[in-house]
Amino acid sequence: MMLQAAKAANISRAPKYNLLVCFDAFETLYAPKEPVHKTYGQFARDNGLQHASDHVVAVYLHDRITTAAKEYPNYGKHIQGMNPEAWWMKVIKNIFVDVEPSLRDAAHKAQLDDLGRRLFHHFSTRDAYKTASNMPKLLQSLKHHSKSNSSKMDNPSSSIGHVVLGVISNSDDRVGGILSSLGLDVSPLRFQRESKQDTHFESVRPVDGKSYDVDFTVMSYDVEESKPHKLMWQAGEMLARRAVVHELGKFDESVPWLKLYVGDDIKKDIESAWGCGWNAVLLKEFITENPRDERLESLDEEEMLAKPVTEVLAGHSPRMFTVNRLETLVDWIVKRGLEVSAGSDGSANHSEERFKLVKSME
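Residues numbered from 1 in each chain as written. Predicted model: local features only at pLDDT ≥ 70, side-chain atom pairs only at ≥ 80, totals over all residues. Heavy atoms only, no water.

Is there a simple way to think about the sheet that holds strand β6 (residues 257-263) in this case?
Across the sheet, 7 strands lie side by side as β5-β4-β1-β6-β7-β9-β8; this open sheet has parallel pairing. At either margin of the open sheet sits one strand with a lone partner, and together these are β5 (216-219) and β8 (296-298). Each neighbouring strand pair of the sheet contributes to a mean axis angle of 25°, computed without reference to strand direction. When strand β1 (residues 17-23) meets strand β4 (residues 160-169), the two strands line up parallel, connected through 6 bridges. Across the sheet, the residue bridging to L19 is V163, located in β4. Along the sheet, helix α12 (residues 266-275) makes contact with β6, β7 (279-283), β8 and β9 (320-323), crossing β7 at roughly 160°. (Pairing = 2+ DSSP bridges. Helix = DSSP H or I, 4+ residues; strand = E, 2+ residues; numbered from the N terminus. Axes fitted to C-alpha atoms, helices over the stretch in contact; angles between N-to-C directions. Contact = heavy atoms within 4.5 Å.)

Please explain the nonpolar core as it appears in this structure.
In summary, soluble globular proteins display a tendency toward joint burial of nonpolar side chains. Core analysis: the largest hydrophobic core is formed by 74 residues, its most contacted members being Y40, F96 and L326. It is helix α5 (residues 84-99) that contributes the most residues to this core, 8 residues altogether. Ignoring any residue separated from it by four or fewer positions in sequence, one finds Y40 in contact with V57, L61, W88, I92, I95, F96, L119 and F123. By size, the runner-up hydrophobic cluster in this structure holds 33 residues, among which are F216, W257, L282 and M320. (Core = buried A, V, L, I, M, F, W, Y, C linked by side-chain atoms within 4.5 Å. Buried < 20%, exposed > 50% of the residue type's maximum accessible area, 1.4 Å probe, protein only.)

What is the right way to look at the pattern of salt bridges in this model?
A side chain with one charge may pair with a side chain of the opposite charge, provided their charged atoms come close. A complete count under the given rule lists 24 salt bridges for this structure. Residue R174 pairs with D172 through a salt bridge whose shortest N-O separation is 2.9 Å. A relative accessible area of 13% places R174 in the buried class. Using a relative accessible area of 6% as the deciding quantity, one classes D172 as buried. Here the salt bridges do not stand alone but share partners, grouping D63, R64, D98 and R104 into one network. (Salt bridge = Lys/Arg side-chain N within 4 Å of Asp/Glu carboxyl O.)

Can you walk me through the packing of helix α2 (residues 36-46) against helix α6 (residues 109-122) in this structure?
Helix-helix packing is described using two parameters, namely the angle between the two axes and the distance between the axes. Following both chains from N to C, one finds α2 and α6 inclined at 140°, their axes separated by 10 Å at the closest point. Of the possible angle classes, the one that applies to α2 and α6 is oblique. The chirality of how α2 crosses α6 is right-handed. Facing α2, whose interface residues are T39, Y40, F43 and A44, α6 presents L115, R118, L119 and H122. (Parallel < 35°, antiparallel > 145°, perpendicular 65-115°, else oblique. Left-handed = near helix turned anticlockwise from the far one by under 90°.)

Help me out: how do you make sense of helix α15 (residues 326-338) in this one?
In a regular helix each residue adds 1.5 Å, so 13 residues correspond to 18 Å; α15 covers 17 Å between its end C-alpha atoms and thus fits that length. Along α15, the residues that are buried comprise L326, L329, V330, W332, I333, V334, G337 and L338. (Expected span 1.5 Å × (residues − 1).)

Please explain the side chain of E237 as it appears in this structure.
When you line up the elements, E237 lands in helix α11 (residues 230-248). A distance of 2.9 Å separates a polar side-chain atom of E237 from the backbone nitrogen of V358. (Polar contact = N/O pair within 3.5 Å; in protein donor to acceptor, adjacent residues only side chain to side chain.)

Can you walk me through helix α3 (residues 54-71) in this structure?
An α-helical segment advances 3.6 residues per turn. Residues three or four places apart therefore align on the same side. Helix length check: α3 (18 residues) gives 26 Å between terminal C-alpha atoms against 26 Å at 1.5 Å per residue, within 8%. Taken as a whole, α3 carries its principal kink of about 25° at Y60. For α3, every residue scored as buried is listed here: V57, L61, R64 and A68. For α3, the secondary structure elements touched by its buried residues are α2, α4 (73-76) and α5. (Bend = angle between axes of the 7 residues up to and from the residue.)

Just checking my understanding: could you explain the layout of surface pockets for this structure?
Which parts of space are left empty comes out when a probe the size of a water molecule is rolled across the atoms. In this model, the largest pocket occupies a volume close to 1600 Å³. Surrounding the largest pocket, 48 residues form its lining, F26, Y75, W88, N170 and S171 being those nearest its centre. Listing elements by their share of the lining of the largest pocket, those giving two or more residues are β2 (30-32), α2, α3, α4, α5, α6, α9 (175-181) and α12. For the lining of the largest pocket, the residue count by class is 26 nonpolar, 9 polar and 13 charged. (1 Å grid on protein atoms, 1.4 Å probe; cavity = no way out; pocket = protein on both sides within 12 Å on 5 of 7 lines; lining within 4 Å. Points joined across faces, edges and corners; volume = space filled by probe spheres on them. Nonpolar A, V, L, I, M, F, W, Y, C, P; charged D, E, K, R; others polar.)

In short, the description is geometric, and any link to function would need to be established separately.
Have a look at this one:
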């Protein structure tokens, strides 16, 4: 009888933490299959522009993107008649007019428009990208582990209860579509406001009660700011709140949150997230240079991987890490977070703001 009572008490005990994990998109979850200038060059030559060598395209590509960003900020969002597709088509046209000045002639407009549309749509789908090794299945295993793995169902006192996955990216509005084309079920929940003066946001409503692979997307195009601005992280926390309500029907304010961001840029991603109270991981799967920063701790070390997730992430201060592969990170969270009972967590004060999700923009 006492044993049954003990089991009942254990089953009814609330999870110790919820976990919010957000990712950068470009060169974190996915990256171009080949250098962008080579793809531009090949498409151009296939379209009859024989002078468009990869080397020549590379000379103009970065400059024309930079110029367009200054002339038409935020992918032309507030320019009448312009959207991300029109913005990129203008960039592409300016690149190849520089490559072949004769293309300025109106007779070549249809040819350039066709090239622009083809490149834009190519980079809007899986055709253009490779993913971090086994990325779609890894994210799905992280998000849905509690529903698909009997060990979690047998262990309701797991150190981590509900998991929310999001994407926070400096990009135009195509991230959700790209991730969908790569095989992920992406929620339509996204942060959308019309101007920097807006203090609220609107979004397409997700299906209530549904568990998506990716719960929300935050794109700089929608937020009207870009990383490292703090509003990008606040937008992620606000959407995480809404995602929980849509999936579970309510939001429990009493459960503290662990927040983890995964990106490839030390300044815009790692330092920025860390400065906003998130733990942060520099994923080196697509990085060719090895940044040196004594604050970065390695998650590839056996000693670190043996520690419970809550012990590492719930200490007195947020931390910054590096990891070579996404698979290593997800495996650690699953095995040392979702499949272990609550234990030592560094005795942090869970009333601190970094263990809460913001309700509004500041």
